[in-house]
Each structure stands twice: as structure tokens, then as C-alpha cells.
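A look at the structure
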Protein chains: 2
Amino acid sequence: MNETQAVSALSALAHAQRLRVFRALVVAGPEGLTPSILADQLDVARNTLSFHLKELAHAGLVTIEQQGRNLIYRAEYSRMNGLIGYLTEHCCQGGVCEVSPSSAICTTC
Amino acid sequence: MNETQAVSALSALAHAQRLRVFRALVVAGPEGLTPSILADQLDVARNTLSFHLKELAHAGLVTIEQQGRNLIYRAEYSRMNGLIGYLTEHCCQGGVCEVSPSSAICTTC
DNA sequence: ACAATGATTCAATAAATGTTGTATTATCGA
DNA sequence: TCGATAATACAACATTTATTGAATCATTGT
């Protein structure tokens, strides 16, 4: 993951509704969800949701599969891992990652 | 870290210049940097930098200390760890964190 | 006290982002 | 083929965010 990709992913997640959409997809797991279900679940207008899903897809955080007239959206875990890796790498460069051990995640630095 | 804080932090980092500013502060370590040095180093106008630093500070990602007429900005590692923790938690809820082992960071899930 | 320096604030403008309503495309079932 | 459904695309508008130049505030050194 490079800087451009990281900014793109961060930007996609930097919105409460999109973060909730992504979270719902993570919770849904490999089965994924259709836009209709997501719209009902999160109480968002369909066209607005479509816009946000497009943003997430553009950032590579979700994948789309067509099944008949439904689209199945799924969280792209590897992309999220890539983002977390990028942040961890940059966070840890100073070697002060263990400032707050209780909340530290990266056990390798 | 709650959703609002996460969105705030993500939003602060979702900008190439701010990400570079934060990165420079991480690299600088505990000594921190002054806005002048940052402005020279990253080639940004001082008032623009001031604006971005305020955004980072508002998101809790940097701290400010006054030393004479200089201000010392430092990366707030615990906040970054909190953000990474939040993302990891939500990424791992589906239990599919090991989709791409090579890039996986969170070794506990 | 005064000039110089470091940094921020403010107003104005430009650019990007988010939302809504309407229209369009594609698929399904009778 | 026709009506209904799932979803997106488009245009218009409102809102937010980013940048620039000029002005302000605080601190230092003479």
C-alpha cells in the first residue's frame, strides 16, 4: 500500500455512514449484503448509499458481485489489513509504539 | 475510541499533506518539530500548515507545547494506536482477518 | 520601547464532497 | 412482451474543506 492508496482508503472511511456500511459488511462476512438490505438496515436513501458504496469500491475496500438483479457487496479484508499495516508501519517508526501498552495492537514492533 | 473519534482521526489523516505532516512528526520522535521546520521540510505555506496542524490537533493526533516563541508539535502515538485498535477490532469481527496472512498485522485474532 | 521573528487568525475565494429527486438500465416473473 | 423490482447514473443544489494574502498576537533581543 502506497500513500495514495492509503489516503484513498482513509478518505473512504472518514465518514460515519460509510464506516457503518463497511462495518456492516465486515459483520456480514463472506456472504456479503445487497444495497437494499444495507439501506434498510442503516436507514439511508438508496441513491445516497449507492454513492457511498461506489466510494468504498473505488478505494478497494469492498468488492461487487452481480447475482441476477442483485448486487452483493463484500468487505475486502486484505485492503483493510493493508491500511492497518501502512498506519502501523508509520506509527511505529519512532519506536514509541509501546507508549500505551493497554491499547497497543502491533505486537511485532 | 468511539465512532466519532475514529471518523475524526480518519478524516484528519485522509489528506496527503496532513499524512506527511503526521509522518514527519512520527519520524521526528519525542523531540517533535516546529511549524517552521515542518513548513520548510514539506514545502507548504505556513498558514496552510497551521490550518492542517489544527486539524490534526483537533483529532487528538498531535500535541502542542509552547517553548518561548516556538511551538513544538509531537505525534500522539496513543491516539494512533487507538485508531488502529478501532479499525482492527472492526476488521476482525468477521473472523476473516487471516485472508492474507502476509499482510496481516493483528496477531491476536 | 522597538524592531524582528514565529505562529496563528481572519476574510475571501476556489475546489471538493454530500444529498436529493428524477431518469435510466437491467433482470425477473407472469 | 409487459409490469415490477434492484440498482445505478445524472443534474442541481447545499455544504464542507482547502488555499491564499493580509493582518494580528506573543516573544525575544537590542
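So, a few notes on the structure that sits alongside this text. (Residues numbered from 1 in each chain as written. Chains lettered and ligands numbered in written order. Predicted model: local features only at pLDDT ≥ 70, side-chain atom pairs only at ≥ 80, totals over all residues. Heavy atoms only, no water.)

**Quick notes on the protein's contact with DNA strand C**
- Within the structure, DNA strand C sits among 19 residues, and A:Asn47, A:His52, B:Ser36, B:Asn70 and B:Tyr73 are positioned closest to it.
- The share of sugar and phosphate among atoms of DNA strand C within 4 Å of the protein is 71%.
- At 3.4 Å from a base oxygen of DNA strand C is found a side-chain nitrogen or oxygen belonging to B:Arg69.
- Interatomic distance of 3.4 Å between a backbone N/O atom of B:Leu71 and a phosphate oxygen of DNA strand C.
- For the surface near DNA strand C, the secondary-structure elements that each account for two or more residues are α2 (16-28) and α4 (46-58) of chain A together with α3 (35-42), α4 (46-58) and β2 (70-75) of chain B.
- The biggest single contributor to the surface near DNA strand C is α4(A), with four residues.
- Its residues assigned to classes, the surface near DNA strand C comprises four nonpolar, 11 polar and four charged. (Near = heavy atom within 4 Å. Polar contact = N/O pair within 3.5 Å; in protein donor to acceptor, adjacent residues only side chain to side chain. Helix = DSSP H or I, 4+ residues; strand = E, 2+ residues; numbered from the N terminus. Nonpolar A, V, L, I, M, F, W, Y, C, P; charged D, E, K, R; others polar.)

**Some words on unusual backbone geometry**
- Of note, the phi angle at A:Asp43 is positive, near 60 degrees, even though the residue is not glycine.
- Position of A:Asp43 among the secondary structure elements: in the loop between α3 (35-42) and α4.

**Overview of helix α1 (residues 3-13) of chain B**
- By the burial criterion, the buried members of α1(B) are B:Ala6, B:Val7, B:Ala9, B:Leu10, B:Ala12 and B:Leu13.
- Its side-chain oxygen at 3.1 Å from the backbone nitrogen of B:Thr4, B:Asn2 defines the N-terminal cap of α1(B). (Buried < 20%, exposed > 50% of the residue type's maximum accessible area, 1.4 Å probe, protein only.)

**Considering the environment of B:Lys54**
Residue and element names in this part refer to chain B.
- In this fold, Lys54 is placed in helix α4.
- Taking the relative accessible area as the measure of exposure, Lys54 reaches 55% and is therefore exposed.
- Lys54 sits 11 residues away from Glu65 along the chain, and the two C-alpha atoms are 13 Å apart.

**Comments concerning the protein's contact with DNA strand D**
- The environment of DNA strand D is made up of 19 residues, and the closest members are A:Ser36, A:Asn70, A:Tyr73, B:Asn47 and B:His52.
- Counting only atoms of DNA strand D within 4 Å of the protein, the fraction found in sugar and phosphate groups is 75%.
- Within the contact set of DNA strand D, a phosphate oxygen lies 2.7 Å away from a side-chain nitrogen or oxygen of B:His52.
- Counting only elements with at least two residues in the surface near DNA strand D, the list comes to α3, α4 and β2 (70-75) of chain A together with α2 (16-28) and α4 of chain B.

**Focus on the pairing of strand β1 (residues 62-67) of chain B**
Residues and elements named next belong to chain B.
- As paired strands, β1 and β2 are joined by six bridges and run antiparallel to one another. Paired with Val62 across the two strands is Ala75, which belongs to β2.
- The hairpin turn running from β1 into β2, its antiparallel successor, is two residues long, and Gly68 in that turn takes a positive phi close to 65 degrees. (Pairing = 2+ DSSP bridges.)

**Notes on the pattern of salt bridges**
- A full pass over the atoms with the stated rule returns six salt bridges over all chains.
- Close ionic contact of A:Arg20 with B:Glu3 constitutes a salt bridge, the shortest N to O distance being 2.9 Å. Of this pair, A:Arg20 sits in helix α2 while B:Glu3 sits in helix α1, each in a different chain.
- Here A:Glu65 and A:Arg74 are joined by a salt bridge, their closest N and O atoms 2.9 Å apart. (Salt bridge = Lys/Arg side-chain N within 4 Å of Asp/Glu carboxyl O.)

**Quick notes on the packing of α2(B) against α3(B)**
Residues and elements named next belong to chain B.
- At a minimum axis separation of 11 Å, α2 and α3 run at an interaxial angle of 120 degrees. The chirality of how α2 crosses α3 is right-handed. Touching Arg20, Val21, Ala24 and Leu25 of α2 are Leu38, Gln41 and Leu42, all from α3.
- Looking at the contact of α2 with α3 residue by residue, the classes come out as five nonpolar, one polar and one charged. (Axes fitted to C-alpha atoms, helices over the stretch in contact; angles between N-to-C directions. Left-handed = near helix turned anticlockwise from the far one by under 90°. Contact = heavy atoms within 4.5 Å.)

**Remarks on the nonpolar core**
- Formed by 62 residues in total, the largest nonpolar core has its most connected members in A:Leu13, A:Leu83, A:Leu87, B:Leu13, B:Leu83 and B:Leu87.
- Ignoring anything within four residues of it in the chain, the contact list for A:Leu87 reads A:Leu10, B:Met80, B:Leu83, B:Ile84 and B:Leu87. (Core = buried A, V, L, I, M, F, W, Y, C linked by side-chain atoms within 4.5 Å.)

Interpretation in functional terms is not warranted from these geometric data alone.
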